[in-house]
There are 2 protein chains.
Amino acid sequence: MEATFRALSKHGYNDLRMRDIGEEFEMSRTLIHYHYDGRHDLISALLEYVIEQYEGSVELDEGTDPVAELDVRIDQCLFGPEFDNDFGHWERMTVYHELFSQAQHNERHREVFNRHYETIRGSIEQVIERGIEEGVFRDVNVTDTAQLVTDLIHAARARRISLGHEDAPEQARRGIDEFVVSALLNPDYVLPSAMGRSQ
Amino acid sequence: MEATFRALSKHGYNDLRMRDIGEEFEMSRTLIHYHYDGRHDLISALLEYVIEQYEGSVELDEGTDPVAELDVRIDQCLFGPEFDNDFGHWERMTVYHELFSQAQHNERHREVFNRHYETIRGSIEQVIERGIEEGVFRDVNVTDTAQLVTDLIHAARARRISLGHEDAPEQARRGIDEFVVSALLNPDYVLPSAMGRSQ
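Fair warning: this is a prediction, and the values are worked out from it, not measured in the lab. (Residues numbered from 1 in each chain as written. Chains lettered and ligands numbered in written order. Predicted model: local features only at pLDDT ≥ 70, side-chain atom pairs only at ≥ 80, totals over all residues. Heavy atoms only, no water.)

1. Focus: the interface of chain B and chain A
It is common to report an interface's size as the accessible area lost on association of the parts.
Point 1. Every contact between the two is made by 38 residues of chain B and, on the other side, 38 residues of chain A.
Point 2. For the pairing of chain B and chain A, the buried interface totals around 3500 Å² over both sides, and the portion due to carbon and sulfur atoms is 55%.
Point 3. Three residues, Ser162, Leu163 and Phe179 of chain B, lead the burial of chain B against chain A; their summed loss comes to 20% of the area buried on that side.
Point 4. Joining chain B to chain A, the criterion identifies four salt bridges.
Point 5. Across the salt bridge formed by arginine 174 of chain B and aspartate 144 of chain A, the nearest N and O atoms sit 2.7 Å from each other. (Contact = heavy atoms within 4.5 Å. Buried area = accessible area lost by both parts, 1.4 Å probe. Salt bridge = Lys/Arg side-chain N within 4 Å of Asp/Glu carboxyl O.)

2. Structural notes on helix H7 (residues 107–133) of chain B
Residue and element names in this part refer to chain B.
Point 1. Counted at 1.5 Å a residue, the expected span for H7 with its 27 residues is 39 Å, and the 38 Å between its end C-alpha atoms agrees.
Point 2. For H7, the side-chain oxygen to backbone nitrogen distance between the N-cap and arginine 108 is 3.1 Å, and the N-cap itself is asparagine 106.
Point 3. Where H7 ends, the next residue or the one after it, glycine 135, has phi of about 80°, a positive value. (Helix = DSSP H or I, 4+ residues; strand = E, 2+ residues; numbered from the N terminus. Expected span 1.5 Å × (residues − 1). Polar contact = N/O pair within 3.5 Å; in protein donor to acceptor, adjacent residues only side chain to side chain.)

3. Concerning the nonpolar core
Point 1. Counting residues in hydrophobic clusters, the biggest one holds 51 residues, and the most contacted among them are Leu70, Ile128 and Ile176 of chain A together with Leu70, Ile128 and Ile176 of chain B.
Point 2. Among the elements of the structure, helix H5 (66–79), helix H7 (107–133), helix H8 (142–163) and helix H9 (168–184) of chain A together with helix H5 (66–79), H7, helix H8 (142–163) and helix H9 (168–184) of chain B are those that each provide at least two residues to this core.
Point 3. Ranked by the residues each element gives to this core, the list is headed by H9 of chain B, at eight residues.
Point 4. With near-sequence residues (within four places) excluded, isoleucine 176 of chain A lies in contact with Ile74, Val149, Leu152, Ile153 and Val181 of chain A together with Leu148 of chain B. (Core = buried A, V, L, I, M, F, W, Y, C linked by side-chain atoms within 4.5 Å. Buried < 20%, exposed > 50% of the residue type's maximum accessible area, 1.4 Å probe, protein only.)

4. A closer look at the packing of aromatic side chains
Point 1. For the coordinates displayed, the defined rule picks out six aromatic pairs over all chains.
Point 2. For the pair phenylalanine 100 of chain A and phenylalanine 113 of chain A, a centre-to-centre distance of 5.2 Å together with 85° between the ring planes defines the contact as edge-to-face. Separated by 13 residues along the polypeptide, phenylalanine 100 of chain A in helix H6 (residues 89–102) and phenylalanine 113 of chain A in helix H7 bring together distant segments of the chain. Across the pair, phenylalanine 113 of chain A and phenylalanine 100 of chain A agree in class, each one buried.
Point 3. What links up through ring pairs into an aromatic cluster is the set Tyr96, Phe100, Phe113 and Tyr117 of chain A.
Point 4. Here the basic side chain of arginine 92 of chain A rests over the ring of phenylalanine 5 of chain A, its NZ or CZ set 5.2 Å away from the ring centre.
Point 5. If you follow arginine 160 of chain B out to its NZ or CZ, it ends over the ring of tryptophan 90 of chain B, 4.1 Å from the centre. (Phe/Tyr/Trp six-rings, centres within 6.5 Å; stacked < 30°, edge-to-face > 60°. Lys NZ or Arg CZ within 6 Å of the ring centre and 35° of its normal.)

This is the structure we're talking about:
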C-alpha cells in the first residue's frame, strides 16, 4: 500500500499505471494482478488503507471528558496523526481529497467515502451524545451538529490543498471553538468537583 | 462558453479535447485556437465565466437589512441562481468542484479560485460588518466568521456532488442558522420600530 501511495503521489490518479506501482516495490505486474483486479481495485484498497489509519489513530484514556475527547477528535482530523514513514498527513490528505472529488464517477469509492464519513461523523456524534447525557452539552440536534463539524474539517483541508491556504486548518479550529463548542457547552452545567465543594 | 460547458460535462476534464468543444458549436478548431491558447486556457476562461454568473447574480433592494441580505447570499451559493439555459446549478457546480480539486496542479486555476473565494467571502464579510455597525450583529471576528460560512457552503456542495448526499445543502443551511446566524444576532439589539413604540 505504501508503494501504491508513492506511485500515486508521483504520477497522479489519472496517469497512474499498474507498471508504476510495480516499479515502486519491484513486484511483478503479474503478482499485483493476482492480488488486485486492476488499477481501480488497487486504488480502492489504498483508499481503505489511508482511511483506516485515521479512524484507528485516536487514543483516549478512559474517563476523558466529552469536551477533551471532542477536541482530540477534531485535531486528529484537521492536523493528522503522526506517521513513522515517508508520507505525512498532508500528502495522505492530498490523495484522499483527489479521490474524494472523483468519487462521483466511481461507485465503489463513493461507498468507501460514505462509510468513512459515517464513521467520522459517528464518532463525533457519540461524544456529543455522551456530553448531553452527562449534562456538559446542551440538548442539540446531534446529527446536524456532528455533520457541521465534519464539513468544516473537510472544507479547511480542501482549501489548504487546492488553494494553498496554509492557515485554513487553524482558522477552522478557531471557528469550531467559537461557534460550535461554545454553543454546545451547557451554561447550567456544574463541574462534579465544584458540586462537592458547594455542598 | 456554453458549448465548452456542454463538452466538458459530456467528456470530463481529463478526456476533453479541443475537437470535442468545436463539435459542440460547429466552430473550426482553427478558430478556437485563434481565441484560446489551448485547452487549459479555454478551461480557465470557462471557470471565470461560471464564477461570474454566481458573483453577479445576487440582486438586493436598497435598505435590505443585514440578516435578510446574509440569508439571500447564503442561499444563492447553496441552492444557486435560476438559469435560463440547458445547465442548472448542480451541473455548473459539478464542473466547478472538479476544477477546484485539480487547482493544486494548475497555478492559473488556483488564482481564479482564490480571487473568487475572496469575492464570496468578501461579500459575506461586508454584510456582517454592516450588521455590526448597525448593532444587529455582535462584534465578532469578521474574517473568520465569513470564512466559516464559506467553508460550510463549499463542503455541503462537495458532499452532495461526490457522495450523493442530496440533503447536504439543506442540512448546511440549518447548521448555519443554528450555530452562526443565531450567534451573530446581538441580544441587546432593539428594532428601530420597537424603539419608536417604547419611547
